[in-house]
Amino acid sequence: MSPAGKRIIEKLSDEALADATGKGWADWFALLDAWGATGRGHTEIARHLVEAESVSGWHAQSITVGYEQERGMREVGQSSAGDWQLSASKTVNAPAARCTAAFADEELRRRWLPEGELEVRAHRPGKSLTADWDGGASRIAVYLTPKEAGRTQVGLGHTRLPDADAVAAYKEFWRERLAALKALLESGEPPG
């Protein structure tokens with residue numbers, strides 16, 4: 001396993017892929033090899049799968065990423081553009097507006113995110129937030145999805161990371177910090 005995490009073929013089983021698309025990983029890789037996909041870009045490969053092979057958008061993206069990882073065209077945690085990024089999420093028993101406040105309000109944020117420098121760039125209460133991390137060396141984006149019973153899914157993307165080791169370190173960091181956010185928001189403590 002890469003320091004940045006599991007390859008997509010380890011996350012999406014051959015059986016599940018075949019059930020959804022009619023072919024397993026080996027068949028898709030052979031088809032893409034025959035088409036000359038190693039000499040093409042991510043968007044072109046995914047478009048080919050949708051248009052010529054009638055694969056749904058999500059599965060076309062998954063097959064494309066799996067192919068690129070298997071053929072050494074990208075590593076786990078690396079985008080099609082070559083930069084390094086990660087995502088993390090946590091569902092909390094708190095309204096979306098309180099979740100964004102936990103990122104935007106510095107005093108509240110320090111209670112669950114004491115380390116690292118976060119500078120808010122854009123903030124839509126209850127919806128999303130983008131911020132520079134550590135002086136703009138990297139960036140985070142937070143998206144909030146309201147769920148039933150007043151719960152919210154907090155989705156976080158961290159981009160512009162330097163390498164796979166940074167992806168691995170920040171995956172663990174954000175897993176711990178989002179757990180701390182959840183604990184704080186569900187504690188019943190007043191904000192600020």
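Scope of this entry: the structure provided in the associated data block.

Here is what the cut-offs are and how they apply
Residues numbered from 1 in each chain as written. Predicted model: local features only at pLDDT ≥ 70, side-chain atom pairs only at ≥ 80, totals over all residues. Heavy atoms only, no water. Salt bridge = Lys/Arg side-chain N within 4 Å of Asp/Glu carboxyl O. Pairing = 2+ DSSP bridges. Helix = DSSP H or I, 4+ residues; strand = E, 2+ residues; numbered from the N terminus. Axes fitted to C-alpha atoms, helices over the stretch in contact; angles between N-to-C directions. Phe/Tyr/Trp six-rings, centres within 6.5 Å; stacked < 30°, edge-to-face > 60°. Buried < 20%, exposed > 50% of the residue type's maximum accessible area, 1.4 Å probe, protein only. Core = buried A, V, L, I, M, F, W, Y, C linked by side-chain atoms within 4.5 Å. Contact = heavy atoms within 4.5 Å. 1 Å grid on protein atoms, 1.4 Å probe; cavity = no way out; pocket = protein on both sides within 12 Å on 5 of 7 lines; lining within 4 Å. Points joined across faces, edges and corners; volume = space filled by probe spheres on them. Nonpolar A, V, L, I, M, F, W, Y, C, P; charged D, E, K, R; others polar. Parallel < 35°, antiparallel > 145°, perpendicular 65-115°, else oblique. Expected span 1.5 Å × (residues − 1).

Quick word on the pattern of salt bridges
Link 1 in the chain: What the rule picks out here adds up to 11 salt bridges.
Link 2 in the chain: One connected set of salt bridges, linked through shared partners, spans Arg121, Asp132 and Arg139.

Quick notes on the sheet that holds strand 5 (residues 152–161)
Link 1 in the chain: Strands sit in the order 1-5-4-3-2 across an open sheet of 5 strands; the sheet is antiparallel. Because the sheet does not close on itself, it has two edges, and the strands there are strand 1 (84–92) and strand 2 (118–124). Geometrically, the sheet is characterised by an average inter-axis angle of 15° between neighbouring strands, direction not taken into account.
Link 2 in the chain: Where strand 4 (residues 138–146) meets strand 5, 8 bridges bridge the pair, whose relative direction is antiparallel. Residue pairing for strand 5: leucine 144 is matched across the bridge by valine 154.

Remarks on the packing of aromatic side chains
For any pair of aromatic rings, the description consists of the separation of the ring centres together with the inter-plane angle of the planes.
Link 1 in the chain: Considering all chains together, one arrives at 8 aromatic pairs under this definition.
Link 2 in the chain: Note on tryptophan 25 and phenylalanine 29: the rings are 5.5 Å apart at their centroids and 40° apart in plane angle, and the pair reads as tilted. Residue tryptophan 25 and its partner phenylalanine 29 are located together in helix 3 (residues 25–35), separated by 4 residues, close to a single helical turn.
Link 3 in the chain: Residue class for phenylalanine 29 comes out buried when judged on its relative accessible area of 7%.
Link 4 in the chain: An angle of 55° between the planes, with centres 5.9 Å apart, marks the rings of tryptophan 133 and phenylalanine 173 as tilted. One end of the pair, tryptophan 133, is in strand 3 (residues 128–133); the other, phenylalanine 173, is in helix 8 (residues 164–186), and 40 residues separate them in sequence.

Structural notes on the nonpolar core
Link 1 in the chain: Ranked by internal contacts, the top residues of the largest apolar core, which has 33 residues, are Phe103, Trp112, Ile140, Val142, Val154, Trp174 and Leu181.
Link 2 in the chain: Of all the elements in the fold, those that place two or more residues in this core are strand 1, helix 6 (96–104), strand 3, strand 4, strand 5 and helix 8.
Link 3 in the chain: Here this core takes 11 residues from helix 8, the largest share from any one element.
Link 4 in the chain: When near neighbours in sequence (up to four residues on either side) are disregarded, tryptophan 112 contacts Ala102, Phe103, Trp174, Arg177, Ala180, Leu181 and Leu184.
Link 5 in the chain: Core analysis: the next-biggest nonpolar cluster, separate from the first, contains 15 residues, Leu17, Trp25, Trp28 and Ala60 among them.

Quick notes on the layout of surface pockets
Link 1 in the chain: Its volume calculated, the largest pocket comes out at about 420 Å³.
Link 2 in the chain: Sorting the residues of the lining of the largest pocket by element identifies helix 1 (8–11), helix 5 (57–70), strand 1 and helix 8 as the ones contributing at least two each.
Link 3 in the chain: When residues of the lining of the largest pocket are assigned to their parent elements, the largest contribution, 3 residues, is made by strand 1.
Link 4 in the chain: Across the lining of the largest pocket, the residue classes break down as 6 nonpolar, 7 polar and 5 charged.

Thoughts on the packing of helix 3 against helix 5
Link 1 in the chain: Put simply, helix 3 and helix 5 touch, their axes get as near as 10 Å, and they point 75° apart. With respect to helix 5, the element helix 3 is oriented roughly perpendicular. The residues of helix 5 that touch helix 3, namely those facing Trp25, Trp28, Phe29, Leu32 and Asp33, are Ser62, Ile63, Gly66, Tyr67 and Glu70.
Link 2 in the chain: For the contact of helix 3 with helix 5, a count of residues per class yields 6 nonpolar, 2 polar and 2 charged.

With respect to helix 5
Each α-helix winds once per 3.6 residues, and so residues spaced three or four apart point in a common direction.
Link 1 in the chain: Compared with the 20 Å implied by 1.5 Å per residue over 14 residues, the 20 Å span of helix 5 between its first and last C-alpha is a close match.
Link 2 in the chain: The buried fraction of helix 5 is high, at 10 of 14 residues.
Link 3 in the chain: Where helix 5 is concerned, the buried positions are His59, Ala60, Ser62, Ile63, Thr64, Val65, Gly66, Tyr67, Glu68 and Gln69.
Link 4 in the chain: Packing partners of the buried residues in helix 5 comprise helix 1, helix 2 (14–21), helix 3 and helix 4 (42–53).
Link 5 in the chain: At the C-terminal side of helix 5, glycine 72 shows a positive phi close to 75°.

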